[in-house]
Each structure stands twice: as structure tokens, then as C-alpha cells.
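Chain by chain, the residues run as shown.
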Amino acid sequence: KAAGYIRWTGPKIMIRTVSRMCWPVPVMTVMIPVRKEFSALMVLMETDTGVLIGADQAGKPGRKSESIAHFVVHSLLEDMHTGAATDRYMADQLILFAALAQGQTEYRIPMVTDHVETNLWLVEKLLGVKTRLQDNCLKVDGIGLHPSGR
């Protein structure tokens, strides 16, 4: 064995599980080594409109590789089936950019999370923008911030 070689089957198990659960849908699987005892898994799918939607989960001692793969795939498939323009992890992160943009931004989110609600509250209070959320359709009236500050 080469020096530093780690004989750990977790990544192979995760990838095999993802492939079995997602077949025949093509997915991109990314293994992120964290420590020799565990790693993180991220899976991405491309929608028919070219949008990448993803899900991930970090490993930790005692968390089985199969359970990580199952969690990631189930989260991803749930988000894909909503027809949303983004996944649950990106939905709240777009709110600030929508609030700073010129005009109205509208996009469908897979679910309303605490992070979405918090970010909507923040941009309303800090920037004075108007936001609306109805049936997972999010609308934000941006302030039109210009890079020069004008």
C-alpha cells in the first residue's frame, strides 16, 4: 500500500447508492473529503431548462454512508418534483440579490424554510423592499442599487 493510503469504502458506497436511487436520471456526484473517517456528499441534477439543483450532507462519526446518500437523493428529488427554479439551500440566498436588483424578481422555491422567512424579514426591515410569498412563489421588489451608489 502507498503511504497515506486510506482503505475506506464510504465514498464507493455513497456513489453506488446514489446511482441506484437516481437511475436512469444522470446526476453529478461530488465527494468532498473532510477527514479520513468521513466525507461529505453533494449531488447535482440539471433540469430540462438547464438549472442545476443540488443537495448535500456532511458525514460524521456514526453516520452511515447509505443514510447520507439516501438523505441527499430524497432531498434532491423532493426539490426537483416541486418544479422550483432553485433548491431549498439556494432559495434564501437569492433574496438579498433580488432585493438589491432593479425591478421585480420572481421565482418558485421548493419550500418555505426558516432561512427564507428570516431573509425576507431582513430585506424588508433593512432595505425597505416589498416582498410577497404565496404558494411557494416568491416576489421581491428590488431597490435598484447601482454599483456607484447612485
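Once a new chain begins, its residue numbering starts again from 1 and follows that chain's sequence as written. Since the coordinates come from a predicted model, pLDDT governs what is reported: local features require at least 70, and pairs of side-chain atoms require 80 or more to be given and counted, while whole-chain, interface and lining totals use all residues. The basis for every side-chain value is the complete set of heavy atoms in the structure, and neither hydrogens nor water enter the calculation.

Observations concerning the overall build of the protein
Counting from the N terminus, the helices are DSSP H or I runs at least four residues long and the strands are E runs at least two residues long. The helix and strand inventory of the protein stands at 4 helices and 6 strands. Each helix and strand of the protein, placed in order from N terminus to C terminus, yields the pattern α-β-β-β-α-α-β-α-β-β. Going through the 150 residues of the protein one by one, you find that 33% of them count as buried. Excluding contacts between residues fewer than 6 apart, the proportion of contacts in the protein whose partners are at least 24 apart in sequence is 49%. Using a 1.4 Å probe, accessible areas were evaluated by the Shrake-Rupley method; residue-level cover was limited to the displayed protein chains. Carbon and sulfur atoms make up 57% of the accessible area of the protein, which amounts to about 9,700 Å² in all. Note on exposure labels: buried denotes an accessible area under 20% of the residue type's maximum, exposed denotes more than 50%, and partly exposed covers the range between, all computed with a 1.4 Å probe on protein chains only. Any two residues whose heavy atoms approach within 4.5 Å at even a single point are treated as in contact.

Observations concerning the nonpolar core
Each nonpolar core is a collection of buried residues, namely Ala, Val, Leu, Ile, Met, Phe, Trp, Tyr and Cys, held together in the definition by side-chain atoms within 4.5 Å. Formed by Ala91, Ile95, Ala98, Ala99, Tyr107, Ile109, Val116, Leu120, Val123, Val129, Leu138 and Val140, the largest nonpolar core amounts to 12 residues. Looking at this core, the elements that each hand over two or more residues are α3 (94–100), α4 (114–127) and β6 (137–143). Beyond its immediate stretch of four places on either side in the chain, leucine 138 contacts Ile95, Thr105, Glu106, Tyr107, Ile109, Leu120, Arg132 and Leu133. Judged by nonpolar contacts, the second largest core, of 11 residues, contains Leu41, Ile68, Val72 and Leu76.

Quick notes on the sheet that holds strand β4 (residues 102–108)
Two strands make a pair as long as DSSP finds a minimum of two bridges between them. With respect to topology, 3 strands assemble into an open sheet ordered β4-β6-β5, the strand pairing being antiparallel. Both outer strands of the open sheet, β4 and β5 (130–134), are each paired with one neighbouring strand and no more. Here the strands of the sheet are splayed against their neighbours by 10° on average, with no regard to which way each runs. Examined bridge by bridge, β5 and β6 share 5 bridges and lie antiparallel to one another. Bridged to leucine 133 within β6 is leucine 138. Note on definitions: angles span 0 to 180 degrees between N-to-C directions of axes, and those axes are lines fitted to C-alpha atoms, for helices only across the stretch in contact.

Examining the side chain of aspartate 87
Looking at the secondary structure, you find aspartate 87 in the loop between α2 (65–81) and α3. Counting rule applied: Lys, Arg positive; Asp, Glu negative; His and chain ends not counted. We count a salt bridge whenever a side-chain nitrogen from Lys or Arg sits within 4 Å of a carboxyl oxygen from Asp or Glu. One buried charged residue, aspartate 87, forms no salt bridge at all, with the nearest opposite charge on arginine 88 at 6.9 Å. Within 3.5 Å is the distance limit for a polar contact, defined as a pair of N or O atoms, with the added protein rule that one can donate a hydrogen and the other accept it, and that residues adjacent in sequence qualify only through two side-chain atoms. Here tyrosine 89 takes part through its backbone nitrogen, which lies 2.9 Å from a polar atom of the side chain of aspartate 87. Those residues in contact with aspartate 87, other than ones at most four positions away along the chain, are Ile53, Gly54, Asp79 and Pro110.

Here's the deal with α2
A helix is expected to reach a length of 1.5 Å times the quantity of its residues less one. For α2, with 17 residues, the first-to-last C-alpha span of 24 Å sits near the 24 Å given by 1.5 Å per residue. Ser65, Ile68, Ala69, Val72, Val73, Ser75, Leu76 and Asp79 are the residues of α2 that are buried. Burial along α2 is one-sided: seen end-on, the buried residues are contained in an arc of 160°. Taken from the residues just after α2, glycine 83 is the one with a positive phi, measuring 75°. Here the arc refers to the directions that run from the helix axis out to each C-beta atom.

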